[in-house]
Amino acid sequence: MKKILITTDFNDLSLNACLRFCKYMFKDSTTDYYLLHVSESIGFFGRLLGGQEKSPEYQQLQLEELRKNVKKLYDLDVKPYIRKGSVTEQINTFAREITASLIVAGTSNTNVHAIGANTHRLIRTSDYPIMTVNLAIDPKPIRNIVLPIELYLSSRQKVPYAVKWAKHFNAKITLLIGTWEGQDTEDYNKIKVIGSGTQKFILDKGINCDMVVLKNLQTGKDYADEVIKYINNEDNKADICMVMGRDESTDFALDPRAQDVVRFAKVPVICIPLKHGGMKTEFL
(Lines give C-alpha, C1' and ligand atoms only; values in the text may rest on other atoms or scores of the structure.)
Protein backbone atom coordinates (compact mmCIF):
# COMPACT_ATOMS: atom_id res chain seq x y z
CA MET A 1 0.00 0.00 0.00
CA LYS A 2 2.19 2.80 -1.27
CA LYS A 3 -0.41 5.55 -1.64
CA ILE A 4 -3.52 5.66 0.52
CA LEU A 5 -6.12 8.34 -0.12
CA ILE A 6 -8.33 9.25 2.85
CA THR A 7 -11.40 11.35 2.09
CA THR A 8 -12.85 13.81 4.59
CA ASP A 9 -15.78 16.19 4.83
CA PHE A 10 -14.39 17.46 8.16
CA ASN A 11 -16.69 15.12 10.09
CA ASP A 12 -14.66 13.98 13.09
CA LEU A 13 -16.48 10.68 13.68
CA SER A 14 -16.13 9.34 10.16
CA LEU A 15 -12.56 10.54 9.74
CA ASN A 16 -11.45 9.08 13.08
CA ALA A 17 -12.83 5.68 12.05
CA CYS A 18 -10.80 5.80 8.82
CA LEU A 19 -7.62 6.98 10.54
CA ARG A 20 -7.83 4.25 13.22
CA PHE A 21 -7.71 1.62 10.50
CA CYS A 22 -4.89 3.27 8.58
CA LYS A 23 -2.82 3.54 11.74
CA TYR A 24 -3.53 -0.05 12.73
CA MET A 25 -3.42 -1.87 9.38
CA PHE A 26 -0.88 -0.05 7.27
CA LYS A 27 2.26 0.40 9.36
CA ASP A 28 4.76 0.49 6.49
CA SER A 29 6.85 3.64 6.88
CA THR A 30 7.07 4.00 3.10
CA THR A 31 3.31 4.51 2.73
CA ASP A 32 2.20 7.98 1.66
CA TYR A 33 -1.09 9.21 3.12
CA TYR A 34 -3.15 11.79 1.26
CA LEU A 35 -6.02 13.61 2.97
CA LEU A 36 -8.50 15.10 0.51
CA HIS A 37 -11.40 17.45 1.15
CA VAL A 38 -13.65 18.42 -1.76
CA SER A 39 -15.48 21.72 -1.44
CA GLU A 40 -18.83 21.88 -3.19
CA SER A 41 -20.38 25.19 -4.20
CA ILE A 42 -23.54 25.99 -2.24
CA GLY A 43 -25.31 27.45 -5.25
CA PHE A 44 -28.03 30.05 -5.55
CA PHE A 45 -30.76 28.21 -3.62
CA GLY A 46 -28.33 27.23 -0.86
CA ARG A 47 -27.39 30.87 -0.32
CA LEU A 48 -31.07 31.82 -0.52
CA LEU A 49 -31.72 29.46 2.42
CA GLY A 50 -28.97 31.05 4.48
CA GLY A 51 -26.02 28.82 3.61
CA GLN A 52 -22.58 30.40 3.55
CA GLU A 53 -19.72 29.18 1.45
CA LYS A 54 -16.40 28.96 3.30
CA SER A 55 -13.46 30.65 1.62
CA PRO A 56 -10.63 28.47 0.21
CA GLU A 57 -8.24 30.17 2.67
CA TYR A 58 -10.42 29.19 5.64
CA GLN A 59 -10.74 25.61 4.41
CA GLN A 60 -6.99 25.39 3.92
CA LEU A 61 -6.48 26.54 7.51
CA GLN A 62 -8.97 23.88 8.66
CA LEU A 63 -7.11 21.21 6.73
CA GLU A 64 -3.72 22.32 8.05
CA GLU A 65 -5.06 22.19 11.61
CA LEU A 66 -6.46 18.74 10.86
CA ARG A 67 -3.07 17.61 9.56
CA LYS A 68 -1.43 18.66 12.85
CA ASN A 69 -4.08 16.85 14.91
CA VAL A 70 -3.70 13.66 12.84
CA LYS A 71 0.04 13.71 13.47
CA LYS A 72 -0.49 14.29 17.19
CA LEU A 73 -3.24 11.70 17.71
CA TYR A 74 -2.29 8.98 15.21
CA ASP A 75 1.37 9.72 14.42
CA LEU A 76 0.51 9.72 10.73
CA ASP A 77 2.04 12.22 8.32
CA VAL A 78 -0.74 13.11 5.91
CA LYS A 79 -0.51 15.34 2.86
CA PRO A 80 -3.60 17.59 2.88
CA TYR A 81 -5.30 18.72 -0.33
CA ILE A 82 -8.43 20.68 -1.20
CA ARG A 83 -10.31 20.44 -4.48
CA LYS A 84 -13.48 22.18 -5.57
CA GLY A 85 -16.32 20.67 -7.55
CA SER A 86 -18.28 17.41 -7.58
CA VAL A 87 -17.12 15.27 -4.64
CA THR A 88 -16.91 11.91 -6.40
CA GLU A 89 -15.53 13.37 -9.62
CA GLN A 90 -12.76 15.21 -7.80
CA ILE A 91 -11.88 12.19 -5.63
CA ASN A 92 -11.65 9.97 -8.71
CA THR A 93 -9.53 12.55 -10.56
CA PHE A 94 -7.18 12.97 -7.60
CA ALA A 95 -6.88 9.19 -7.17
CA ARG A 96 -5.81 8.89 -10.83
CA GLU A 97 -3.30 11.73 -10.45
CA ILE A 98 -1.50 10.01 -7.55
CA THR A 99 -2.21 6.43 -8.77
CA ALA A 100 -3.78 5.52 -5.43
CA SER A 101 -3.31 2.03 -4.02
CA LEU A 102 -6.46 2.35 -1.93
CA ILE A 103 -9.19 4.86 -1.11
CA VAL A 104 -10.48 4.86 2.47
CA ALA A 105 -13.97 6.27 3.06
CA GLY A 106 -16.48 6.24 5.89
CA THR A 107 -19.89 4.80 5.09
CA SER A 108 -21.85 7.25 7.23
CA ASN A 109 -21.46 10.00 9.81
CA THR A 110 -23.74 8.15 12.24
CA ASN A 111 -24.07 4.65 13.64
CA VAL A 112 -27.10 3.87 11.47
CA HIS A 113 -26.66 1.25 8.75
CA ALA A 114 -26.44 3.63 5.82
CA ILE A 115 -24.09 4.56 3.01
CA GLY A 116 -23.63 8.26 2.37
CA ALA A 117 -24.53 9.44 -1.12
CA ASN A 118 -20.94 10.40 -1.96
CA THR A 119 -19.49 7.08 -0.76
CA HIS A 120 -22.21 5.22 -2.68
CA ARG A 121 -21.34 7.06 -5.92
CA LEU A 122 -17.62 6.63 -5.28
CA ILE A 123 -17.95 2.85 -5.01
CA ARG A 124 -19.83 2.76 -8.32
CA THR A 125 -17.48 4.98 -10.28
CA SER A 126 -13.95 4.57 -8.91
CA ASP A 127 -11.18 2.81 -10.81
CA TYR A 128 -9.43 2.05 -7.50
CA PRO A 129 -10.26 -0.25 -4.57
CA ILE A 130 -12.22 1.43 -1.80
CA MET A 131 -12.16 0.34 1.83
CA THR A 132 -15.40 1.32 3.53
CA VAL A 133 -15.41 1.71 7.30
CA ASN A 134 -18.39 2.40 9.54
CA LEU A 135 -18.28 3.86 13.01
CA ALA A 136 -19.16 0.61 14.79
CA ILE A 137 -16.04 -1.24 13.61
CA ASP A 138 -12.83 -1.44 15.61
CA PRO A 139 -9.46 -2.34 13.99
CA LYS A 140 -8.11 -5.86 14.42
CA PRO A 141 -5.45 -8.03 12.76
CA ILE A 142 -6.30 -9.33 9.28
CA ARG A 143 -6.04 -13.09 9.48
CA ASN A 144 -9.10 -14.16 7.48
CA ILE A 145 -10.27 -12.52 4.24
CA VAL A 146 -13.82 -13.45 3.24
CA LEU A 147 -14.39 -13.64 -0.51
CA PRO A 148 -17.95 -14.23 -1.83
CA ILE A 149 -17.82 -15.81 -5.31
CA GLU A 150 -20.74 -15.93 -7.77
CA LEU A 151 -21.39 -17.19 -11.30
CA TYR A 152 -20.58 -13.82 -12.85
CA LEU A 153 -17.12 -13.81 -14.44
CA SER A 154 -16.47 -10.38 -12.97
CA SER A 155 -17.00 -11.78 -9.48
CA ARG A 156 -13.60 -13.43 -9.76
CA GLN A 157 -11.83 -10.13 -10.41
CA LYS A 158 -11.57 -9.93 -6.62
CA VAL A 159 -9.25 -12.93 -6.48
CA PRO A 160 -5.92 -11.24 -7.40
CA TYR A 161 -6.62 -8.48 -4.86
CA ALA A 162 -7.42 -11.03 -2.16
CA VAL A 163 -4.21 -12.93 -2.95
CA LYS A 164 -2.11 -9.76 -2.59
CA TRP A 165 -3.75 -8.83 0.70
CA ALA A 166 -3.42 -12.38 2.04
CA LYS A 167 0.30 -12.41 1.23
CA HIS A 168 0.85 -9.00 2.79
CA PHE A 169 -0.98 -9.78 6.02
CA ASN A 170 -0.11 -13.51 6.12
CA ALA A 171 -3.83 -14.24 6.13
CA LYS A 172 -6.01 -17.04 4.84
CA ILE A 173 -8.91 -16.65 2.39
CA THR A 174 -12.39 -18.06 2.94
CA LEU A 175 -14.44 -18.48 -0.24
CA LEU A 176 -18.23 -18.27 0.07
CA ILE A 177 -20.31 -19.81 -2.73
CA GLY A 178 -24.07 -20.29 -2.84
CA THR A 179 -26.34 -23.07 -4.08
CA TRP A 180 -29.98 -22.36 -4.77
CA GLU A 181 -33.19 -24.17 -3.97
CA GLY A 182 -34.50 -25.69 -7.21
CA GLN A 183 -31.27 -24.80 -9.04
CA ASP A 184 -30.77 -26.75 -12.27
CA THR A 185 -27.92 -29.23 -12.40
CA GLU A 186 -25.85 -27.24 -14.89
CA ASP A 187 -25.72 -24.09 -12.74
CA TYR A 188 -25.16 -26.15 -9.59
CA ASN A 189 -22.18 -27.93 -11.13
CA LYS A 190 -20.88 -24.68 -12.60
CA ILE A 191 -20.71 -22.80 -9.29
CA LYS A 192 -19.06 -25.81 -7.62
CA VAL A 193 -16.45 -25.97 -10.41
CA ILE A 194 -15.85 -22.21 -10.14
CA GLY A 195 -15.43 -22.48 -6.38
CA SER A 196 -13.06 -25.44 -6.60
CA GLY A 197 -11.03 -23.84 -9.40
CA THR A 198 -10.71 -20.57 -7.47
CA GLN A 199 -9.69 -22.43 -4.33
CA LYS A 200 -7.02 -24.37 -6.24
CA PHE A 201 -5.68 -21.17 -7.79
CA ILE A 202 -5.32 -19.58 -4.32
CA LEU A 203 -3.79 -22.71 -2.78
CA ASP A 204 -1.27 -22.85 -5.64
CA LYS A 205 -0.18 -19.35 -4.61
CA GLY A 206 0.81 -20.78 -1.23
CA ILE A 207 -2.16 -19.28 0.63
CA ASN A 208 -4.40 -21.22 2.99
CA CYS A 209 -7.92 -21.26 1.55
CA ASP A 210 -11.21 -22.72 2.81
CA MET A 211 -14.46 -22.96 0.85
CA VAL A 212 -17.86 -22.66 2.53
CA VAL A 213 -21.09 -23.51 0.67
CA LEU A 214 -24.20 -21.49 1.56
CA LYS A 215 -27.02 -23.92 0.78
CA ASN A 216 -30.70 -23.73 -0.16
CA LEU A 217 -30.78 -20.05 -1.10
CA GLN A 218 -33.86 -18.67 -2.82
CA THR A 219 -32.99 -15.11 -3.89
CA GLY A 220 -30.00 -12.82 -4.35
CA LYS A 221 -30.96 -11.13 -1.09
CA ASP A 222 -30.75 -14.51 0.65
CA TYR A 223 -27.19 -14.80 -0.61
CA ALA A 224 -26.28 -11.35 0.74
CA ASP A 225 -27.99 -12.09 4.05
CA GLU A 226 -26.12 -15.37 4.47
CA VAL A 227 -22.80 -13.72 3.58
CA ILE A 228 -23.45 -11.03 6.21
CA LYS A 229 -24.51 -13.65 8.74
CA TYR A 230 -21.31 -15.60 8.12
CA ILE A 231 -19.13 -12.49 8.41
CA ASN A 232 -20.80 -11.30 11.60
CA ASN A 233 -20.65 -14.70 13.32
CA GLU A 234 -17.72 -14.32 15.71
CA ASP A 235 -16.99 -18.05 15.53
CA ASN A 236 -15.95 -17.62 11.85
CA LYS A 237 -13.34 -15.00 12.74
CA ALA A 238 -13.82 -12.88 9.62
CA ASP A 239 -11.58 -9.80 9.57
CA ILE A 240 -12.28 -8.21 6.20
CA CYS A 241 -14.52 -8.86 3.20
CA MET A 242 -14.03 -8.15 -0.51
CA VAL A 243 -16.92 -7.49 -2.88
CA MET A 244 -17.31 -6.05 -6.36
CA GLY A 245 -18.39 -2.42 -6.37
CA ARG A 246 -20.48 -3.40 -9.37
CA ASP A 247 -20.57 -6.29 -11.83
CA GLU A 248 -21.76 -6.88 -15.38
CA SER A 249 -25.33 -7.41 -14.15
CA THR A 250 -25.46 -3.86 -12.69
CA ASP A 251 -22.92 -1.96 -14.74
CA PHE A 252 -24.00 1.50 -13.62
CA ALA A 253 -25.21 0.78 -10.10
CA LEU A 254 -23.91 -0.67 -6.88
CA ASP A 255 -25.09 -4.27 -6.70
CA PRO A 256 -27.83 -4.45 -3.99
CA ARG A 257 -26.15 -7.53 -2.54
CA ALA A 258 -22.81 -5.73 -2.24
CA GLN A 259 -24.60 -2.70 -0.85
CA ASP A 260 -26.10 -4.78 1.95
CA VAL A 261 -22.69 -6.24 2.79
CA VAL A 262 -21.15 -2.75 2.96
CA ARG A 263 -23.98 -1.56 5.20
CA PHE A 264 -24.27 -4.43 7.65
CA ALA A 265 -20.90 -6.23 7.81
CA LYS A 266 -19.11 -5.77 11.13
CA VAL A 267 -15.75 -5.72 9.36
CA PRO A 268 -14.26 -3.34 6.78
CA VAL A 269 -15.37 -4.06 3.22
CA ILE A 270 -13.07 -3.65 0.22
CA CYS A 271 -15.02 -2.74 -2.93
CA ILE A 272 -13.12 -3.81 -6.05
CA PRO A 273 -13.62 -1.81 -9.29
CA LEU A 274 -15.09 -3.57 -12.31
CA LYS A 275 -12.75 -4.00 -15.26
CA HIS A 276 -14.30 -5.15 -18.51
CA GLY A 277 -12.44 -8.03 -20.09
CA GLY A 278 -9.98 -8.05 -17.23
CA MET A 279 -10.11 -11.76 -16.35
CA LYS A 280 -7.45 -14.22 -17.47
CA THR A 281 -8.28 -17.82 -18.34
CA GLU A 282 -6.16 -19.04 -15.42
CA PHE A 283 -8.85 -17.74 -13.05
CA LEU A 284 -11.70 -19.66 -14.76
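This write-up is about the structure you can find in this document. Please read these numbers as outputs of a predicted model, since none were measured by experiment.

A few points about the overall build of the protein
Here comes step 1: When helices and strands are counted, the protein shows 9 helices and 10 strands.
Here comes step 2: In the protein, buried positions account for 47% of the 284 residues.

Brief notes about the environment of Gly220
Here comes step 1: Mapping Gly220 onto the fold places it in helix 8 (residues 220-232).
Here comes step 2: Residue classification places Gly220 among the partly exposed residues on the basis of a relative accessible area of 26%.
Here comes step 3: Remark: the alpha-carbon pair of Gly220 and Arg257, spanning 37 residues in sequence, is separated by 6.8 Å.
Here comes step 4: If near-sequence neighbours (up to four positions away) are discounted, Gly220 is found in contact with Trp180 and Arg257.

A short note on the sheet that holds strand 1 (residues 3-7)
Here comes step 1: The strand order across the open sheet formed by 10 strands is 3-2-1-4-5-10-9-6-7-8, and the pairing between neighbours is mixed. Either end of the sheet is taken by a strand with one partner, and the two such strands are strand 3 (78-84) and strand 8 (209-217). This sheet shows a mean twist of 25° between the axes of neighbouring strands, independent of strand direction.
Here comes step 2: Bridging between strand 5 (residues 130-133) and strand 10 (residues 269-272) involves 3 bridges; their strand directions are antiparallel. Within the sheet, the bridge partner assigned to Met131 lies in strand 10 and is Ile270.
Here comes step 3: Its contacts with the sheet place helix 5 (residues 117-125) against strand 4 (102-106), strand 5 and strand 10, and it is angled at close to 155° to strand 5.

Here we look at the nonpolar core
Here comes step 1: Counting residues in each nonpolar core, the largest one holds 50 residues, and the members touching the most others are Ile6, Phe26, Met131, Trp165 and Ile173.
Here comes step 2: The leading source of residues in this core is helix 1 (residues 12-25), at 7 residues.
Here comes step 3: Aside from chain neighbours lying at most four places away, what touches Phe26 is Met1, Ile4, Phe21, Tyr33, Leu102, Met131, Trp165 and Phe169.

Topic: the packing of aromatic side chains
Here comes step 1: In the structure shown here, the tally under the stated rule is 7 aromatic pairs.
Here comes step 2: Taken together, a centroid distance of 6.4 Å and an interplanar angle of 55° make the contact between Phe26 and Phe169 tilted. Remark: Phe169 occurs in helix 6 (residues 158-169) and Phe26 occurs in the loop between helix 1 and strand 2 (32-39); sequence separation between them is 143 residues. Phe169 matches Phe26 in its accessibility class, with the two residues each being buried.
Here comes step 3: Centroid distance Trp165 to Phe169: 5.6 Å. Interplanar angle 35°. Geometry classified as tilted. Note that Trp165 and Phe169 are positioned in helix 6 at a spacing of 4 residues, about one turn of the helix.
Here comes step 4: A relative accessible area of 5% means that Trp165 is categorised as buried.
Here comes step 5: Taken together, the ring pairs in this structure connect Phe26, Trp165 and Phe169 into an aromatic cluster.

Calculation rules
Residues numbered from 1 in each chain as written. Predicted model: local features only at pLDDT ≥ 70, side-chain atom pairs only at ≥ 80, totals over all residues. Heavy atoms only, no water. Helix = DSSP H or I, 4+ residues; strand = E, 2+ residues; numbered from the N terminus. Buried < 20%, exposed > 50% of the residue type's maximum accessible area, 1.4 Å probe, protein only. Contact = heavy atoms within 4.5 Å. Pairing = 2+ DSSP bridges. Axes fitted to C-alpha atoms, helices over the stretch in contact; angles between N-to-C directions. Core = buried A, V, L, I, M, F, W, Y, C linked by side-chain atoms within 4.5 Å. Phe/Tyr/Trp six-rings, centres within 6.5 Å; stacked < 30°, edge-to-face > 60°.

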